Amino acid sequence: MYKILLADDVKLTLATEKAYLEGRNLKVFATSTAAEVRELTGVVQPDLVVLDYEMPDMDGAEVCRQIKENTQTAHIPVLILSVRDDDQIVRRCLEAGAAGFVRKTDGREALLEEVARTLGVPRRRHVRVGCRFSVGIGDDGRLFTGAVENISQSGMFLTTDHRFSVGMALRLRFDLPGVDKEIRLLGEVVRSEELTGESFGYGLQFLEIAGDARDGLQQFLENSL
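Residues numbered from 1 in each chain as written. Predicted model: local features only at pLDDT ≥ 70, side-chain atom pairs only at ≥ 80, totals over all residues. Heavy atoms only, no water.

**Student:** Tell me about the nonpolar core, residues and numbers included.
**Tutor:** Nonpolar side chains tend toward joint burial in soluble globular proteins. By size, the foremost hydrophobic cluster in this structure holds 28 residues, and its most contacted members are I151, M156, L172 and F174. Of all the elements in the fold, those that place two or more residues in this core are β6 (129–139), β7 (142–151), β8 (155–160), β9 (169–174), β10 (183–196), β11 (199–209) and α6 (211–224). F174 has contacts with F133, S134, V135, I151, M156, E182, I183 and L185, leaving out every residue within four places of it along the chain. Of all hydrophobic cores here, the second largest spans 22 residues; its members include L5, I80, V90 and A96. (Core = buried A, V, L, I, M, F, W, Y, C linked by side-chain atoms within 4.5 Å. Buried < 20%, exposed > 50% of the residue type's maximum accessible area, 1.4 Å probe, protein only. Helix = DSSP H or I, 4+ residues; strand = E, 2+ residues; numbered from the N terminus. Contact = heavy atoms within 4.5 Å.)

**Student:** I'd like a rundown of the packing of aromatic side chains, residues and numbers included.
**Tutor:** The full count for this structure, using the stated rule, is 3 aromatic pairs. Arranged with centres 5.7 Å apart and planes meeting at 80°, the rings of F144 and F164 form a pair that is edge-to-face. On the criterion of sequence distance, the pair formed by F144 in strand β7 and F164 in the loop between β8 and β9 is long-range, its members being 20 residues apart. Among the residues examined, F144 registers a relative accessible area of 19% and is labelled buried. Overall, the relative accessible area of 4% leaves F164 in the buried class. Seen in terms of ring centroids, F164 and Y202 are 5.5 Å apart; in terms of plane orientation they differ by 65°. Their pairing is edge-to-face. Within this pair, whereas F164 is found in the loop between β8 and β9, its partner Y202 is found in strand β11, the two being separated by 38 residues in sequence. Pair check on accessibility: F164 and Y202 agree, each one buried. One aromatic cluster is present, formed by F144, F164 and Y202 through successive ring pairs. One cation-aromatic arrangement involves K27 over F29; the distance from NZ or CZ to the ring centre is 5.6 Å. (Phe/Tyr/Trp six-rings, centres within 6.5 Å; stacked < 30°, edge-to-face > 60°. Lys NZ or Arg CZ within 6 Å of the ring centre and 35° of its normal.)

**Student:** Describe the environment of S165, with residues and values.
**Tutor:** Structurally, S165 can be placed in the loop between β8 and β9. You can call S165 partly exposed: its relative accessible area is 43%. It is 19 Å that separates the C-alpha atoms of S165 and E208, two residues lying 43 residues apart in sequence.

**Student:** How would you summarise the pairing of β11 if you had to cite specific residues and measurements?
**Tutor:** Where β8 lies against β11, 6 bridges are found, and the strand directions are antiparallel. Each residue of the ladder has a partner; that of G155, found in β11, is Q205. Taken together, the 10 bridges between β10 and β11 define a ladder with antiparallel strand orientation. Within β11, the position partnered with G187 by the bridge is F206. (Pairing = 2+ DSSP bridges.)

**Student:** Break down α6 for me, with residues and values.
**Tutor:** Between its terminal C-alpha atoms α6 stretches 20 Å, which fits the 20 Å expected from 14 residues at 1.5 Å a residue. Restricting attention to buried positions, one finds in α6 the residues A213, G216, L217, F220 and L221. The buried residues of α6 occupy one face: seen down the axis, they fall within an arc of 135°. For α6, the exposed residues lying more than 90 degrees away from the buried face are D215, E222 and N223. Taken together, the buried residues of α6 touch β6, β7, β10 and β11. (Expected span 1.5 Å × (residues − 1). Arc of directions from axis to C-beta.)

**Student:** Which residues make up the packing of helix α2 (residues 34–44) against helix α3 (residues 60–69), and what values do they have?
**Tutor:** For any two helices packed against each other, one specifies the crossing angle of their axes together with the interaxial distance. In contact at an axis separation of 10 Å, α2 and α3 are set at 25° when each is read in the N-to-C sense. Relative to α3, the element α2 lies roughly parallel. Judged by the twist between their axes, the crossing of α2 over α3 is right-handed. Residue-level contacts link A34, V37, R38 and T41 of α2 to V63, Q66 and I67 of α3. Residues that form the contact of α2 with α3 fall into these classes: 4 nonpolar, 2 polar and 1 charged. (Axes fitted to C-alpha atoms, helices over the stretch in contact; angles between N-to-C directions. Parallel < 35°, antiparallel > 145°, perpendicular 65-115°, else oblique. Left-handed = near helix turned anticlockwise from the far one by under 90°. Nonpolar A, V, L, I, M, F, W, Y, C, P; charged D, E, K, R; others polar.)

Below, the structure written as structure tokens:
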């Protein structure tokens, strides 16, 4: 799971953007001051820093410049957001070392596009919805249990105490709130990570899902958005 450090001094905007990015299966650390951005960048070592240009104690271009001048953080890409559509500001941010500039007026989809481009990952075809429910996992006749943390029409992020390998096909069965029929499907492990010594996380891509189960999943997603 990619780690993003997100900074904005407007707490409502910060909370909204954090929830939006976390819904795309990104681990987000949030802060509201430039000083904390510099400190957390070194401590957390995020894969990407996303910060607002209009910060009260130091503007985003200056924060970016200081991140790039620090040998411990110079390798971390920085995206800068702004409500202002000013070519001079854009140029200043890029000259400070920013990997990109996003105008807030372009909407959150533009932010997601730029995050995907900067991280070098494909943008998800479907929006993932954060959730928490139990799932039964079948692997070659053996049964395990796990928990789903987010789900979309095409995949999910699953946590469990059992280790699986990338490329394995798992049969899953679970109930969704508000959906009468049990969901059963076949998914392939396309990404794995060790969360703790006894817990593992897996990105699954759905391979097979029956029509009625797909309809139930779509109903759940629509009701959750």
